[in-house]
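# Report on the structure
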Amino acid sequence: MQLVDEFRDPAKGRALVEAIRSRLEAIAPARPLQIMEFCGGHTHAIFRYGLNQMLPEAVEWVHGPGCPVCVLPRERVDAAVEMARRPEVIFTSFGDALRVPGSAGSLREAGAEGADVRVVYSPLDALEIARRHPDREVVFFAIGFETTMPATALTVLRAEAEEIPNFSLLCHHITTPAAVRAILDDPDLSLDGIVAPGHVASVVGADTFRFIPTEYRVPTVVSGFEPLDILQSLWMVLGQLEAGKCRLENQYRRVVNEQGSRAGRAAIERVYELAEHSRWRGLGEIDRSGVRLRPNYARFDAERRFGLVSHVAEEEALPCGEVLKGRLKPRQCPHFGGRCRPEAPLGALMVSSEGACAAYFRYTA
Ligand code: SF4
């Protein structure tokens, strides 16, 4: 606990806020600085610890698309619901994904109507269910960024080694660098700094994000998730702006190195390959931003196994994408708190506790 408490120390937090204030005075920006925290874990921490309220108005957080549940497109939920409704299937998923609205309801609603939908805490739990129910097909909804990819990859390798025939993945793993590129390519967006996702970097390495300062000239700091981590990362971004520098820094050295986890990367490399494109709710289609199982592991691909064809689903035009890019604050959405609330989410940013709209609702409504 000492390690955690150390990064929540209020006195150190106040000192960092003062240090941030003096850097802002030195920079004297003509407009509020737009700092994007890509990761939903950072968004959640910013609201939970009131960092947005402690900081001067010259800092404006832009809450990026870094919550995999929030960017799950409707058609993937539809495919999950279709699979879950098959009588031979036990559909397993992390809890957050159950509430994401699809065209014909959510997985939770499918479960209430009789589908066998089970919450698991890891893909290995799903594999264990497959071992215990050899007469059923067990599908695991594999979502998430690079952070969760190694666990599903290792589970596929375990299923292969044990020759478990009734286990498969509905794979919707997506990759952060491609999404960052898509955001930075948007000419209407001007970011002054990026606080990059520490969990992702712990797997793929801090160096993965070096293209942001090199190609896009945006100061970037890989950050941890405690309040002092985030304040220190912001202070480091401001340090670069003050010095007129632009580079990649790593605030989260206690967890992240330049190259990431060799074992994690190897598992990802062995089991997955880049798909041509992937759709992100609110952001649309992004080239080479997702992975699929390599041909060697095609038998673990639930879509193939069940012959499912994914169709792009009709979506009600919602301003979630504008929120993801920081062009709109959640409260400016006409549906916020009305048609769209955590207990009845209309858009995906209201589903997960890491979604920007849910965080606004919970901590500021
Ligand atoms: S309030 Fe709901 S509909 Fe509006 S941007 Fe947020 S999630 Fe989307």
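As the structure is a computational prediction, the values presented were derived from the model and not from experiment. Numbers given to residues run from 1 along each chain, matching the order in which its sequence is written. Only residues with pLDDT of at least 70 are given local features in this predicted model, and only at 80 or more are side-chain atom pairs given and counted; all residues enter the totals for whole chains, interfaces and linings. The basis for every side-chain value is the complete set of heavy atoms in the structure, and neither hydrogens nor water enter the calculation.

Because the α-helix completes a turn every 3.6 residues, residues three or four places apart line up on one side. Any residue under 20% of the maximum accessible area for its type is buried, any over 50% is exposed, and the rest in between are partly exposed; the area is computed with a 1.4 Å probe on protein chains only. By definition, any uninterrupted DSSP run of H or I lasting at least four residues is a helix, any uninterrupted run of E lasting at least two residues is a strand, and each is numbered from the N terminus. Those residues of helix α13 (residues 262-271) not exposed but buried are Gly264, Ala267, Ile268 and Val271. Angular distribution of buried residues about the axis of α13 spans 95°; they occupy a single face of the element. Facing away from the buried side of α13 by more than 90 degrees, the exposed set consists of Arg262 and Glu269. Buried residues belonging to α13 abut α8 (149-161), α10 (198-204), β10 (272-274) and β13 (291-293). This arc corresponds to the set of directions leading from the helix axis out to the C-beta atoms. Contact criterion: two residues are considered in contact whenever any of their non-hydrogen atoms come within 4.5 Å of each other.

Here we take up the nonpolar core. Buried Ala, Val, Leu, Ile, Met, Phe, Trp, Tyr and Cys residues that are joined via side-chain atoms within 4.5 Å together make up what is termed a nonpolar core. Counting 102 residues, the largest nonpolar core has Phe91, Leu107, Phe141, Phe167, Ile194, Val222 and Tyr272 as the members making the most contacts within it. If sequence neighbours within four positions are ignored, phenylalanine 91 has contacts with Ala80, Met83, Ala84, Leu107, Asp116, Val117, Arg118, Val139, Phe141 and Leu170. Ile46, Leu51, Val59 and Leu234 belong to the second largest nonpolar core, which has 22 residues in total.

With that settled, the discussion passes to the packing of helix α7 (residues 123-132) against α8. Axis geometry follows a simple rule: fit a line to the C-alpha atoms, using only the stretch in contact for helices, then measure angles between N-to-C directions, giving values from 0 to 180 degrees. Two elements in contact, α7 and α8, have axes separated by 9 Å at closest approach and are oriented at 25°. As far as their axial angle goes, α8 and α7 are roughly parallel. Here α7 and α8 pass one another in a crossing that is right-handed. Contacts from Pro123, Leu124, Leu127 and Arg131 of α7 reach α8 at Ala151, Thr152, Thr155, Arg158 and Ala159. When residue character is reported, Ala, Val, Leu, Ile, Met, Phe, Trp, Tyr, Cys and Pro are called nonpolar, Asp, Glu, Lys and Arg charged, and the others, Gly included, polar. Among the residues forming the contact of α7 with α8, the class breakdown is five nonpolar, two polar and two charged. Roughly parallel means an angle under 35 degrees; roughly antiparallel, over 145; roughly perpendicular, 65 to 115; everything else is oblique. Crossing handedness follows the turn of the near helix against the far one: under a right angle anticlockwise gives a left-handed crossing, and clockwise gives a right-handed one.

The subject of this paragraph is the site of the ligand. The criterion for a residue being near a molecule or strand is simple. One of its heavy atoms has to lie within 4 Å of it. Surveying the vicinity of the ligand reveals the residues Cys320, Val323, Cys333, Phe336, Cys340, Gly347, Leu349, Met350 and Cys357. Note on definitions: the grid is 1 Å and covers protein atoms alone; a cavity is a set of points where a 1.4 Å probe fits but cannot get out; a pocket is an open set with protein on both sides within 12 Å along at least five of seven lines; lining residues have an atom within 4 Å of a point. Should more than half of a molecule's atoms lie within 2 Å of a pocket's or cavity's grid points, that molecule is taken to sit in it. Taken atom by atom, the bulk of the ligand overlaps the largest cavity. For the shell around the ligand, the class distribution of residues is eight nonpolar, one polar and no charged.

Looking now at the pattern of salt bridges. Oppositely charged side chains can form a pair if their charged atoms are brought close together. Take a side-chain nitrogen of Lys or Arg and a carboxyl oxygen of Asp or Glu: if they are within 4 Å of each other, that pair is a salt bridge. Taken as a whole and assessed by the stated rule, the structure comprises 25 salt bridges. A salt bridge links arginine 23 to glutamate 242, with the shortest nitrogen-to-oxygen separation between them at 3.3 Å. Here glutamate 242 lies in helix α12 (residues 227-243) and arginine 23 lies in helix α2 (residues 10-27), a separation of 219 residues in the sequence. A salt bridge links glutamate 160 to arginine 299, with the nearest nitrogen and oxygen atoms 3.7 Å apart.

This brings us to the side chain of serine 223. Of note, serine 223 is situated in strand β8 (residues 220-223). Excluding residues within four positions of it along the chain, serine 223 makes contact with His42, Val195, Ala196, Pro197, Gly198, Asp229, Ile230, Ser233, Gln251 and Tyr252.

Aromatic rings from Phe, Tyr and Trp, taking only the six-membered ring of Trp, are treated as a pair when their centres fall within 6.5 Å; an angle between ring planes under 30 degrees marks them as stacked, one over 60 as edge-to-face, and anything in between as tilted. By the definition in use, this model includes eight aromatic pairs. When the ring of phenylalanine 94 is compared with that of phenylalanine 140, the centres are 5.4 Å apart and the planes differ by 85°; the resulting orientation is edge-to-face. Pair noted here: phenylalanine 94 is in the loop between β3 (89-93) and α6 (107-112) and phenylalanine 140 is in strand β5 (residues 137-144), with a separation of 46 residues, a long-range link. Accessibility expressed as a relative area gives 24% for phenylalanine 94, which makes it partly exposed. On the accessibility criterion, phenylalanine 140 (0% relative accessible area) is buried. Three or more aromatic residues joined by ring pairs form one cluster here, namely Phe38, Phe145 and Trp280. Sitting over a ring, as applied to charges here, requires NZ of Lys or CZ of Arg to be within 6 Å of the ring centre and within 35 degrees of the ring normal. If you follow arginine 23 out to its NZ or CZ, it ends over the ring of tryptophan 235, 4.0 Å from the centre.

Residue placement: glycine 260 occurs in the loop between β9 (248-250) and α13. With a relative accessible area of 15%, glycine 260 lands in the buried category. Along the primary structure glycine 260 and glutamate 37 are separated by 223 residues, whereas in three dimensions their C-alpha atoms are 20 Å apart. Apart from the residues lying within four places of it in its own chain, the contact partners of glycine 260 are Ala201, Ser202, Val203, Val204 and Gly205.

Bringing the sheet that holds strand β1 (residues 33-39) into the picture now. A pair of strands is labelled paired if DSSP reports no fewer than 2 bridges between them. Taken in spatial order, the five strands make up an open sheet running β2-β1-β7-β8-β9, and their pairing is parallel. Looking at strand neighbours, the two that pair on one side only are β2 (59-66) and β9, the edges of this open sheet. If you compare each strand with its neighbour and ignore which way they point, the axes differ by 20° on average. Bridge count for β1 against strand β7 (residues 193-197) is three bridges, and the pairing is parallel. Bridge assignment links methionine 36 to a residue of β7, and that residue is isoleucine 194.

This paragraph deals with empty space enclosed by the protein. Grid points are joined across faces, edges and corners, and a volume is the space filled by probe spheres set on the points. Evaluated as defined, the whole model comprises three cavities of 30 Å³ or more. Size it by volume and the largest cavity reaches roughly 110 Å³. What lines the largest cavity is a set of 15 residues, and nearest its centre among them are Cys320, Cys333, Cys340, Gly347 and Cys357. Counted by class, the lining of the largest cavity contains 13 nonpolar, two polar and no charged residues. The space that makes up the second largest cavity amounts to roughly 60 Å³. As for the second largest cavity, its lining consists of 13 residues, and the residues nearest its centre are Gly64, Cys67, Leu324, Glu354 and Ala356.

All quantities given are derived from atomic positions and should not be read as evidence of function.
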